[in-house]
Amino acid sequence: CSYGYSDMSCAYGCSAGACAGCGTVGGKETISAGYRHTCGLRTDGTAACWGYNDWGQASPPSGSFTQVSAGYLHTCGVRSDGTAACWGLNDGGQATPPSGSFTQVSAGNYHTCGVRSDCTAACWGNNSNGQASPPSGSFTQVGAGFYYTCGLRTDGTAACWGRNVWGEGSPPSDSFTQLSVGDTHNCGVRSDGTAACWGANFYGQATPPSGSFTQLSAGGVHTCGLHTDGTAACWGPNDYGQRSPPSGSFTQVNAGESYTCGLRTDGTAACWGRNTYGQATPPAGVTFMP
């Protein structure tokens, strides 16, 4: 069982405790668009962030990381030694991860969740709706949203916990290879490559187009994904251009709050949409980890 963008069925081959070598594009972000800031991992594993930084969410610590996740006003990442590190707003404990080894973390609005090296889920921070109380079982990926969380179990099924106002906590019974959690909607790549979304759909963000995808990313109220040829497609509102990706081929795409960022095949970052705080202006001349 090995991790790689071309091996999207990796979750099915994992046994309990083998998660360190498994993951998907959506769960192993090396570029992550948050609320008004973005973070990415350089090729040497160090983190670079840009955009809104009033709480220090765009000021990463030194050291090497394998994955990063930008949330509302905080950011978390998995260090190369497997420990979790967070920075930014910490009013509810969302930026104080527990000890132990992780394979993936996801920063939400006021809480954070992660997958431990034994495949169990752990969450910390605000728990007003039960979003930080994960169920038992084995997971390959988790995603923290707005007062709720969803995870991809090792058998490919999705499980959600916390708030469920618009159906965001009621996943279909499909089998998925990758999962992405937005503010109030979620999307996943089915085992046949087609997209499925559920939850709030006021702007069409949960109505994916037809075709095959390798990765999906649910943002605030829009969604983006990568077709099998590497081109990006987005749906939902387009008031800031967040649904209008540039041409070319990408290896990863990540939807934030009214903007989107992606990694091109040459390792450079491209962002489109709202740019009030510079969140859609990646640093020039930087090559990021695929």
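Sequence order as written defines residue numbering, which begins from 1 separately in each chain. The predicted origin of the model limits local features to residues at a pLDDT of at least 70 and limits the giving and counting of side-chain atom pairs to 80 or more, whereas totals for whole chains, interfaces and linings rest on all residues. Only heavy atoms go into the side-chain values, all of them from the structure, while hydrogens and water stay out.

(A) Focus on the overall build of the protein. Scanning the protein for helices and strands turns up zero helices and 21 strands. For the protein, the spread of C-alpha atoms along the three principal axes comes to 40 × 40 × 35 Å. For this analysis, residues touch if any pair of their heavy atoms sits within 4.5 Å. Once local pairs closer than 6 in sequence are excluded, the contacts in the protein between residues at least 24 apart make up 43%. In short, Shrake-Rupley with a 1.4 Å probe defines the accessible areas, and a residue's cover is counted only from the protein chains shown. Accessible surface, the protein as shown: approximately 10,000 Å² in total, 47% of it carbon and sulfur. Considering the protein, the positive charge centre built from 11 side chains and the negative charge centre built from 16 side chains are found 4 Å apart. Each helix is a run of H or I in the DSSP string that is no shorter than four residues. Each strand is a run of E no shorter than two, and both are numbered from the N terminus. Positive residues here are Lys and Arg, negative ones are Asp and Glu, while His and the chain termini are left out of the count. All charge positions are set by atom: Lys at NZ, Arg at CZ, Asp at CG, Glu at CD.

(B) Spotlight on unusual backbone geometry. Notably, cysteine 119 is not glycine yet its phi reads approximately 80°, a positive angle. Position of cysteine 119 relative to the elements: it lies in the loop between β8 (111-116) and β9 (121-125). If you check the backbone angles, serine 258 has positive phi at about 70° while not being a glycine.

(C) Looking closely at the sheet that holds strand β6 (residues 84-88). Pairing between two strands is assigned when DSSP locates at least 2 bridges connecting them. The three strands are arranged β4-β5-β6 in an open sheet whose pairing can be described as antiparallel. Either end of the sheet is taken by a strand with one partner, and the two such strands are β4 (65-70) and β6. Pairwise comparison of adjacent strand axes, ignoring direction, gives a mean angle of 20° for this sheet. As paired strands, strand β5 (residues 74-79) and β6 are joined by five bridges and run antiparallel to one another. Across the sheet, threonine 75 pairs through a bridge with tryptophan 87, a residue of β6. Whenever a helix is involved, its axis is fitted only over the stretch in contact; in every case the axis is a line through C-alpha atoms, and angles between N-to-C directions fall within 0 to 180 degrees.

(D) Structural detail: the packing of aromatic side chains. Pairing of aromatic rings covers Phe, Tyr and Trp, the last counted by its six-membered ring, and requires centre-to-centre distances within 6.5 Å; plane angles under 30 degrees mean stacked, over 60 mean edge-to-face, and any other angle means tilted. In this structure the tally under the stated criterion is 13 aromatic pairs. An aromatic cluster is defined as three or more aromatic residues linked by ring pairs; in this entry it consists of Tyr35, Tyr72, Tyr110, Phe146 and Tyr147.

(E) Examining the sheet that holds strand β18 (residues 232-235) more closely. Across the sheet, which stays open at both edges, the three strands sit in the order β16-β17-β18 with antiparallel pairing between neighbours. The open sheet terminates on both sides in strands that have one partner only, identified here as β16 (213-218) and β18. Across the sheet, the axes of successive neighbouring strands diverge by a mean angle of 20°, strand direction being ignored.

(F) Local environment of the confidence of the model for the protein. Taken residue by residue, the protein gives an average pLDDT of 92. The fraction at 70 or more is 91%. Looking at any residue, its pLDDT shows the predictor's confidence there, from 0 to 100. Segment residues 1-26 is flagged for pLDDT under 50; beyond a separation of four residues in sequence, or across chains, it makes 59 contacts in the model.

(G) The arrangement of the pairing of strand β2 (residues 37-41) in detail. Of all five residues in β2, five are buried, a share of seventy percent or more. The side-chain alternation of β2 yields two buried faces, one formed by His37, Cys39 and Leu41 and the other by Thr38 and Gly40. The antiparallel hairpin formed by strand β1 (residues 31-33) and β2 contains three residues in its connecting segment. The pairing of β2 with strand β3 (residues 47-51) spans five bridges and is classified as antiparallel. Bridge assignment links glycine 40 to a residue of β3, and that residue is alanine 48. Between the end of β2 and the start of β3, which pair antiparallel, lie five residues, with glycine 45 showing a positive phi angle near 90°. Three labels apply to residues, based on accessible area from a 1.4 Å probe with only protein chains included: buried if under 20% of the type maximum, exposed if over 50%, partly exposed otherwise in between.

(H) Molecular detail of the nonpolar core. Throughout this description, the term nonpolar core refers to a set of buried Ala, Val, Leu, Ile, Met, Phe, Trp, Tyr and Cys residues connected via side-chain atoms within 4.5 Å. Counting twelve residues, the largest nonpolar core is built from Ile31, Ala33, Ala48, Trp50, Tyr259, Cys261, Leu263, Ala269, Cys271, Ala280, Val286 and Phe288. Those elements that place two or more of their residues in this core are β1, β3, β20 (259-264) and β21 (269-273). Looking at this core, the element that brings in the most residues is β20, giving three residues. Ignoring anything within four residues of it in the chain, the contact list for cysteine 261 reads Ile31, Thr38, Val253, Asn254, Ala270, Cys271, Trp272 and Gln279.

(I) Structural view of a nonpolar patch on the surface. A surface patch of nonpolar side chains, about 470 Å² in accessible area, is lined by Val165, Trp166, Phe202 and Tyr203. Position of tryptophan 166 relative to the elements: it lies in the loop between β12 (158-162) and β13 (176-181). Given a relative accessible area of 39%, tryptophan 166 falls into the partly exposed group. The patches reported here contain residues having more than 30% relative accessible area and no salt bridge. Joining distances are 9 Å for like charges and 5 Å for nonpolar side chains (Val, Leu, Ile, Met, Phe, Trp, Tyr). For this analysis, a salt bridge means a side-chain nitrogen from Lys or Arg found within 4 Å of a carboxyl oxygen belonging to Asp or Glu.

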